[in-house]
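Single-letter residue listing:
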Amino acid sequence: MPTVRETLRERGISAEGADIILASWKPGTAKQYRPYIRRWMQFCDRWDINPLDPTVSNIINFLTETFHRRVGYECLNTARGALSSIGIVVNGCRAGNHPLVNRFMRGVFNLRPTKPRYTETWDVTPVLQELRSMYPLHNLSLKELTLKLVMLMALTQAARVQTLHLLVLTGISTGDDYISVQLGGNIKQCRPNYNIQRVKFQAYSKDASLCVCKTLLTYIEQTEELRQITKHKVDNLLISFIKPHKPVSKDTIACWIKNMLHMSGVDTAKFTAGSVQPAAASKAKAMAVPVTCIMAKAGWSRETTFAKYDKHIIAESDPFQEAVLE
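This is a predicted model, so every value here is computed, not measured.

A. Quick peek at the overall build of the protein. Helix and strand content of the protein: 15 helices and 7 strands. Across the 326 residues that make up the protein, the buried fraction comes to 42%. The contacts in the protein between residues at least 6 apart in sequence include a share of 60% that link residues at least 24 apart. Carbon and sulfur atoms form 52% of the exposed surface of the protein, whose accessible area is close to 18300 Å².

See below:
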C-alpha cells in the first residue's frame, strides 16, 4: 500500500508509525481495498482534490463514478470502507459513516440489491454417510485419509479454509478426549478482544468413524516419515499426499473439500468449499444448539453475521408430499 504510506507520511506520521498503521490491515483486506484506494487517488488527482481532506460531495461523486462501472452493492461498500480505513474524516464523521454517504448506500441497495451467494445450503447427512464409509482408518490411502480429515475439521469447527491452512504441528497438545492444535498466524476473525491462537478438536465417542481426533492422530502418524524425508521444513499440519509432500496452499485445501463434497453427492457446481461453514452452522441451529455457542465456534461477534450464514437446508425429499401421498 505505497500510496497509503505516502499519504500518512504527508500528515507528519513517522515511517515507523506508518508501518504500524499499515500492519492493521490483514493481507486479504489490503488486497481487497487496494484497487479502490488507487482509483480514489486517481479521481482526486484528476479533479485536483486533496485525497485526505475531501468534501462529502467529492466522496459521493467518487462512489457514483464507481457505481457506473456496473458494480454491485458489495463492491461499493468495500470502496466506502477503503476511504474510511485511510483515515478520511468529513464534518466530524468517518468518510464511510457520513449521513449523506449512508443515504447514498441505501439508494445503491434499492437500485442494485445485494444477493447472497447461497440462499440455501446442502444437507450434512450424505457427507456424514460418506465419511462413515471411509473406515477403518488404516485401510485408507493417504489421499482418502487427508480428504476425510479436512472435511471433519471443517465441519466440527465451522472452519474456514484459512483456519485449516494455518494449523501447525508445533505445540500440539492432547488430552483424554481432545487435541489442541496451534495456529501459525492470525485468522480472519481475530481482533483485539478475540485473538484465537489454538483450535481444540473434541473426540467423538459415539461413532469412531466420525471422530476427528482419531483421524487426526492417524494422519500425523502416517505423514511423520514423509515429513522427515522431504527436503523442505514442514511445520504445516496439512501436506500434499503426492511427492514431494510439501505444505499445501489454501486453494489446494479448498479443492480437497470440494472433492469430498462431490464424493458425497453435493452439487459442486453450486457449492464451494466456503459453503461448509453455513452448512455446519445451519445444521447446528436445526439441532437446537444455542446461537451463542454457534457464534463462538465460528468466531462471529454479532447475530446479524450469523443470520447471513443461517440457510435453509435442502431436503432430499419433500416430507409434506410424502405424507399427503402416503
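B. View of the sheet that holds strand S6 (residues 198-202). One open sheet accounts for 3 strands, arranged S4-S5-S6; its pairing is antiparallel. Edge positions in the open sheet fall to strand S4 (173-174) and S6, since each of these has one partner strand only. Strand direction decides the pairing type here: S4 and strand S5 (residues 178-182), joined by 2 bridges, are antiparallel. Looking across to S5, one finds that Thr 174 is bridged to Ile 179.

C. Region of interest: the side chain of Thr 66. Tracing the backbone shows Thr 66 in helix H4 (residues 56-67). Judged by relative accessible area, Thr 66 falls into the buried class, the value being 2%. Setting aside anything within four residues of it in sequence, one finds Thr 66 in contact with Tyr 36, Val 71 and Leu 76.

D. Representation of the nonpolar core within the structure. If you look at the biggest cluster of nonpolar residues, it comprises 53 residues, and the most contacted ones within it are Trp 122, Leu 155, Leu 164, Leu 238 and Ile 257. Broken down by secondary-structure element, the contributors of at least two residues to this core are helix H7 (124-133), helix H8 (142-157), helix H9 (161-166), S5, S6, helix H10 (212-229), helix H11 (250-263) and helix H12 (276-286). In terms of residue count, H8 provides more of this core than any other element does, 10 residues in total.

E. Local environment of the packing of H8 against H10. Two numbers describe how H8 lies on H10: the axes approach to 10 Å, and their chain directions differ by 140°. Here H10 runs oblique to H8, going by the angle between their axes. Considering the relative orientation of H8 and H10, their crossing is left-handed. Contacts from Leu 142, Leu 145, Thr 146, Lys 148, Leu 149, Leu 152, Met 153 and Thr 156 in H8 reach Val 212, Thr 215, Leu 216, Thr 218, Tyr 219, Gln 222, Thr 223 and Leu 226 in H10. Here the contact of H8 with H10 is built from residues that sort into 9 nonpolar, 6 polar and 1 charged.

F. Local environment of a positive patch on the surface. A cluster of like positive charges, contributed by Lys 31, Arg 34, Arg 38 and Lys 250, occupies part of the molecular surface. Among the elements that make up the positive patch, the one with the highest residue count is helix H3 (residues 27-46) (3 residues). Mapped onto the elements, Lys 250 comes out in helix H11. For Lys 250, a relative accessible area of 42% puts it in the partly exposed group.

G. Inspection of the packing of aromatic side chains at higher detail. Within the structure shown, the criterion is met by 5 aromatic pairs. Linked through ring pairs, Trp 40, Phe 43 and Phe 62 together constitute an aromatic cluster. The ring of Tyr 36 is capped by Arg 39, whose NZ or CZ atom sits 5.8 Å from the centre of that ring.

H. Molecular detail of the confidence of the model for the protein. For the protein, mean pLDDT is 86; residues scoring 70 or higher make up 87% of the total. Low pLDDT, under 50, characterises residues 320-326; the predicted model gives this stretch 1 contact beyond four residues in sequence or across chains.

I. Looking closely at the environment of Lys 26. Assignment of secondary structure puts Lys 26 in the loop between helix H2 (15-22) and H3. Look at Lys 26 and you get partly exposed, because its relative accessible area is 27%. As a C-alpha pair, Lys 26 and Ile 187 span 161 residues in sequence and 9.3 Å in three-dimensional space.

J. Expanded view of the packing of H3 against helix H5 (residues 73-85). Look at H3 against H5: their axes get within 9 Å of each other, and the N-to-C directions meet at 75°. By the angle between their directions, the pair H3 and H5 is classed as roughly perpendicular. Packed against H3, whose contacting residues are Gln 32, Tyr 33, Tyr 36, Ile 37 and Trp 40, the element H5 presents Cys 75, Thr 78, Ala 79, Gly 81, Ala 82, Leu 83 and Ser 85 at the interface. Residue composition of the contact of H3 with H5, by class: 8 nonpolar, 4 polar and no charged.

Rules behind the numbers
- Residues numbered from 1 in each chain as written.
- Predicted model: local features only at pLDDT ≥ 70, side-chain atom pairs only at ≥ 80, totals over all residues.
- Heavy atoms only, no water.
- Helix = DSSP H or I, 4+ residues; strand = E, 2+ residues; numbered from the N terminus.
- Buried < 20%, exposed > 50% of the residue type's maximum accessible area, 1.4 Å probe, protein only.
- Contact = heavy atoms within 4.5 Å.
- Areas by Shrake-Rupley, 256 points an atom, 1.4 Å probe, with all protein chains shown as cover.
- Pairing = 2+ DSSP bridges.
- Core = buried A, V, L, I, M, F, W, Y, C linked by side-chain atoms within 4.5 Å.
- Axes fitted to C-alpha atoms, helices over the stretch in contact; angles between N-to-C directions.
- Parallel < 35°, antiparallel > 145°, perpendicular 65-115°, else oblique.
- Left-handed = near helix turned anticlockwise from the far one by under 90°.
- Nonpolar A, V, L, I, M, F, W, Y, C, P; charged D, E, K, R; others polar.
- Patch = residues over 30% accessible without salt bridge, like charges linked within 9 Å, V, L, I, M, F, W, Y side chains within 5 Å.
- Salt bridge = Lys/Arg side-chain N within 4 Å of Asp/Glu carboxyl O.
- Lys, Arg positive; Asp, Glu negative; His and termini not counted.
- Charge placed at Lys NZ, Arg CZ, Asp CG, Glu CD.
- Phe/Tyr/Trp six-rings, centres within 6.5 Å; stacked < 30°, edge-to-face > 60°.
- Lys NZ or Arg CZ within 6 Å of the ring centre and 35° of its normal.
- pLDDT = per-residue confidence, 0-100.

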